[in-house]
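# Structural description and commentary
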Amino acid sequence: MNSQFNKTMNIADVLFLAIGAMLGWGWVVLSGEWISEAGFLGSIIAFVIGGLLVIFIGLTYAELASAIPETGGGFVFVKKAFSPGVAFFSGWSVLFGYVSVITFEAVALPTVIDYVIPFEHTGLLWNLAGWDVYLTWVLIGSIGSVILTSLNYFGVKPAAIMQTVFTIFIVGVGLLLFFGASFNGEFTQLKPLFSHGVGGTMSVLIMIPFLFVGFDVIPQIAEEVKAPSKKIGSILIISIIASVIFYLLIVFGVATGLTPSQLGSSELATADAMVNLFGSSGFGVLLVLGGVAGIITSWNAFIIGGSRILYAMAKNNMIPKWFAFIHPKYKTPTHGILFLGVLAFVAPLLGRPALVWIVDAGGIGVVLGYLLVAFSFLKLRKSEPNLERPYRIKSGKFVGWTAVILSIAFIVIYLPGMPSSLIWPNEWIIVCVWYGIAVVLYLTKSKEVETFERAQSIQSSNE
């Protein structure tokens, strides 16, 4: 297979790409909620169970990524197992999740900068859903999008180097919190070990799949990795395990660093715990800077992954060919990168509430992608038993069906009546609009796809 991409990413690049994608901003703002709802041990149990569940899904990706190391990841797996129509739905769904995260990070950045450097914003533009949108606030997110888009435009290697540096910084800050807790933490504050019983633990558990969105970026860039296919599968699973351990350390640090009353009143519990443990507000700022790094690493990873999905879908004539353009010098899908960059640039204009609706709605797309990859894993095990699988997992049927059941369970969480159900009508309207666009695109491109598939089939038979 002749690839248009350069193999410039080594194993370390891939590992830090995935870990950085999973360690976004949530560990800074949500830790207090975890411990208040579930208690120290309840939160630990939720992360262990949630991590295991994500690993089952990750295993299906790991085997398929090693067997089919092509740009597009899950989209390519589903296309090989099922019809182009199912693959289109899969790719479009995952793209929904990626776009939602990219646009949200452009809003998260100015929100976090406000904590580090508080100042009065000026240039009121408008009010959306009760949120005042100021020009100075918008500019912070928009400038951030220009920088990250430029970095990815000029090659994946510069973006990977930045990802590695920032991810190491995040992990370093997390370890500093852990060591501070080990030496200066109040271990009596670990009690009560459980809060609100099983319901408390479940309330943390339902957040976990969405904290770990990002490991699936690895298969998107498989063609750009200069390493044996088997190692791609191994790194994917290692990245999930490393991220689980990171979150467990954060739970321990916050639980020993804040009293129950402080947990209830803190807006940034992880930062406040750091201040308590080291007795200096400077350490709180340091931790928030780790959160800023998390925003940038997840944002960067999803630009990389999202642009590759756009490329793969365009290459298969499912969306305009414009997205399949590869820069002759930098070997990056620059049109896809620019498209995602423009979305991030304008996203802050919508204000924070609208972007929360988008990111919540987009989560369902990623989980639908998980489900279709799990089904593809099972189908290919049966239909193509002789397919070379360098990273072949044991008990394939058990792992595959477990991944299917878990994916369906995650989808159910979004449905009306569930604790994390999408908000009616705003978030459901966003879902309907996104998939409405998919219907229009597919109907207009379906004949081209059939012609393309027929031509490929004829070419394969001639070879």
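Residues numbered from 1 in each chain as written. Predicted model: local features only at pLDDT ≥ 70, side-chain atom pairs only at ≥ 80, totals over all residues. Heavy atoms only, no water.

Helix and strand counts for the protein come out as 18 helices and two strands. Against the globule reference of 23 Å for 463 residues, the protein gives a C-alpha radius of gyration of 22 Å, in line with a compact fold. Excluding contacts between residues fewer than 6 apart, the proportion of contacts in the protein whose partners are at least 24 apart in sequence is 82%. Of the roughly 18,600 Å² that the protein leaves accessible, carbon and sulfur atoms contribute 69%. Positive and negative side-chain charges of the protein, numbering 24 and 23 respectively, have mean locations separated by a distance of 15 Å. (Helix = DSSP H or I, 4+ residues; strand = E, 2+ residues; numbered from the N terminus. Rg over C-alpha atoms; globule rule 2.2 N^0.38 Å. Contact = heavy atoms within 4.5 Å. Areas by Shrake-Rupley, 256 points an atom, 1.4 Å probe, with all protein chains shown as cover. Lys, Arg positive; Asp, Glu negative; His and termini not counted. Charge placed at Lys NZ, Arg CZ, Asp CG, Glu CD.)

When the UniProt feature table is mapped onto this chain numbering, "domain: Amino acid permease/ SLC12A" (unreviewed entry) sits at residues 13-414. Span residues 13-414 is 75% helix and 2% strand, its end C-alpha atoms 33 Å apart. (UniProt positions renumbered as here; feature names shortened; annotations may be inferred.)

The subject of this paragraph is the packing of aromatic side chains. Using the criterion set out here, one finds 30 aromatic pairs in the structure. On the basis of an interplanar angle of 70° and a centroid distance of 4.9 Å, the ring pair of Trp 34 and Phe 47 is categorised as edge-to-face. There is no split in this pair, since Trp 34 and Phe 47 are both buried. Pairing Trp 92 with Trp 434 gives two aromatic rings, centres 4.5 Å apart and planes at 25°, and the pair type is stacked. In this pair, Trp 92 is assigned in helix α5 (residues 84-116) and Trp 434 in helix α18 (residues 426-462), connecting sequence segments 342 residues apart. The same class applies to Trp 92 and to Trp 434, which are both buried. (Phe/Tyr/Trp six-rings, centres within 6.5 Å; stacked < 30°, edge-to-face > 60°. Buried < 20%, exposed > 50% of the residue type's maximum accessible area, 1.4 Å probe, protein only.)

Next up on the list: the pairing of strand β1 (residues 124-128). On a regular strand, each side chain points to the face opposite its neighbour's, so the side chains alternate between the two faces of the sheet. Direction of pairing for β1 relative to strand β2 (residues 131-134): antiparallel, over a ladder of four bridges. If you follow Asn 127 over to β2, its bridge partner there is Asp 132. Connecting β1 to the antiparallel partner β2 that follows it, the hairpin turn spans two residues, and Ala 129 within it adopts a positive phi of roughly 55°. (Pairing = 2+ DSSP bridges.)

Moving on, we come to the layout of surface pockets. Size it by volume and the largest pocket reaches roughly 1,300 Å³. Taken together, 41 residues make up the lining of the largest pocket; nearest its centre are Leu 30, Phe 104, Leu 211, Val 359 and Asp 360. When residues of the lining of the largest pocket are traced back to their parent elements, those giving at least two are α1 (11-22), α2 (26-29), α5, α9 (208-211), α14 (281-315) and α16 (351-383). Partitioning the lining of the largest pocket into residue classes produces 25 nonpolar, 10 polar and six charged. (1 Å grid on protein atoms, 1.4 Å probe; cavity = no way out; pocket = protein on both sides within 12 Å on 5 of 7 lines; lining within 4 Å. Points joined across faces, edges and corners; volume = space filled by probe spheres on them. Nonpolar A, V, L, I, M, F, W, Y, C, P; charged D, E, K, R; others polar.)

As a further point, take unusual backbone geometry. Across the chain, the bulk of peptide bonds are trans and the bulk of non-glycine residues have phi less than zero. For the bond running from Lys 191 to Pro 192, omega is 0°, close enough to zero to count as cis. Looking at the secondary structure, you find Pro 192 in the loop between α7 (156-184) and α8 (197-205). Of the consecutive residues Trp 424 and Pro 425, the connecting peptide bond is found in the cis state with omega at 0°. Checked against the element boundaries, Pro 425 lands in the loop between α17 (396-413) and α18. Backbone geometry places Asn 317, a non-glycine residue, at a positive phi of 60°.

Once that is clear, we can look at the packing of α7 against helix α11 (residues 229-257). Packing of α7 against α11 brings their axes to within 8 Å, and their N-to-C directions diverge by 40°. As the angle between them shows, α7 and α11 are arranged oblique. Relative to α11, α7 is oriented so that their crossing is left-handed. In this structure, α7 uses Ile 170, Val 171, Gly 174, Leu 175, Leu 177, Phe 178, Ala 181 and Ser 182 to contact α11, whose residues at the interface are Phe 246, Leu 249, Ile 250, Phe 252, Gly 253, Val 254 and Thr 256. (Axes fitted to C-alpha atoms, helices over the stretch in contact; angles between N-to-C directions. Parallel < 35°, antiparallel > 145°, perpendicular 65-115°, else oblique. Left-handed = near helix turned anticlockwise from the far one by under 90°.)

This brings us to helix α3 (residues 31-67). Compared with the 54 Å implied by 1.5 Å per residue over 37 residues, the 38 Å span of α3 between its first and last C-alpha is markedly short. The sharpest bend along α3 reaches about 105° and sits at Gly 39. Most of α3 sits out of view: 28 of its 37 residues are buried. (Expected span 1.5 Å × (residues − 1). Bend = angle between axes of the 7 residues up to and from the residue.)

The next thing to look at is a nonpolar patch on the surface. On the surface, Leu 125, Trp 126, Leu 128, Leu 135, Leu 139, Ile 143, Ile 147 and Leu 350 cluster together to form a nonpolar patch covering roughly 680 Å² of accessible area. Looking at the nonpolar patch, the elements that each hand over two or more residues are β1 and α6 (135-153). Of all the elements, α6 adds the most residues to the nonpolar patch, at four residues. Structurally, the position occupied by Leu 128 is in strand β1. (Patch = residues over 30% accessible without salt bridge, like charges linked within 9 Å, V, L, I, M, F, W, Y side chains within 5 Å. Salt bridge = Lys/Arg side-chain N within 4 Å of Asp/Glu carboxyl O.)

Our focus in this paragraph is the environment of Leu 443. Considering the arrangement of structural elements, one finds Leu 443 in helix α18. Classification of Leu 443 as exposed rests on a relative accessible area of 61%. Separated by 79 residues in the primary sequence, Leu 443 and Ile 364 place their C-alpha atoms 23 Å from one another.

Glancing now at the side chain of Ser 307. As for its placement among the helices and strands, Ser 307 is situated in helix α14. Among the polar contacts made by the side chain of Ser 307, one reaches the side chain of Arg 308 at a distance of 3.0 Å. Excluding its chain neighbours within four sequence positions, the residues that come into contact with Ser 307 are Phe 302, Pro 333, Gly 336, Ile 337 and Leu 340. (Polar contact = N/O pair within 3.5 Å; in protein donor to acceptor, adjacent residues only side chain to side chain.)

For the rest of this paragraph, the subject is empty space enclosed by the protein. Evaluation of the coordinates by the stated rule reveals one cavity of 30 Å³ or more. Taken as a whole, the largest cavity encloses approximately 60 Å³ of empty space. Tyr 61, Gly 72, Gly 74, Phe 75, Ser 90, Gly 91, Val 94, Asp 216, Gln 220, Ile 309 and Val 373 are the residues that line the largest cavity. When contributions to the lining of the largest cavity are tallied by element, the ones reaching two or more residues are α4 (74-81) and α5. Top element by residues in the lining of the largest cavity is α5. It accounts for three residues. Class assignment for the residues of the lining of the largest cavity results in five nonpolar, five polar and one charged.

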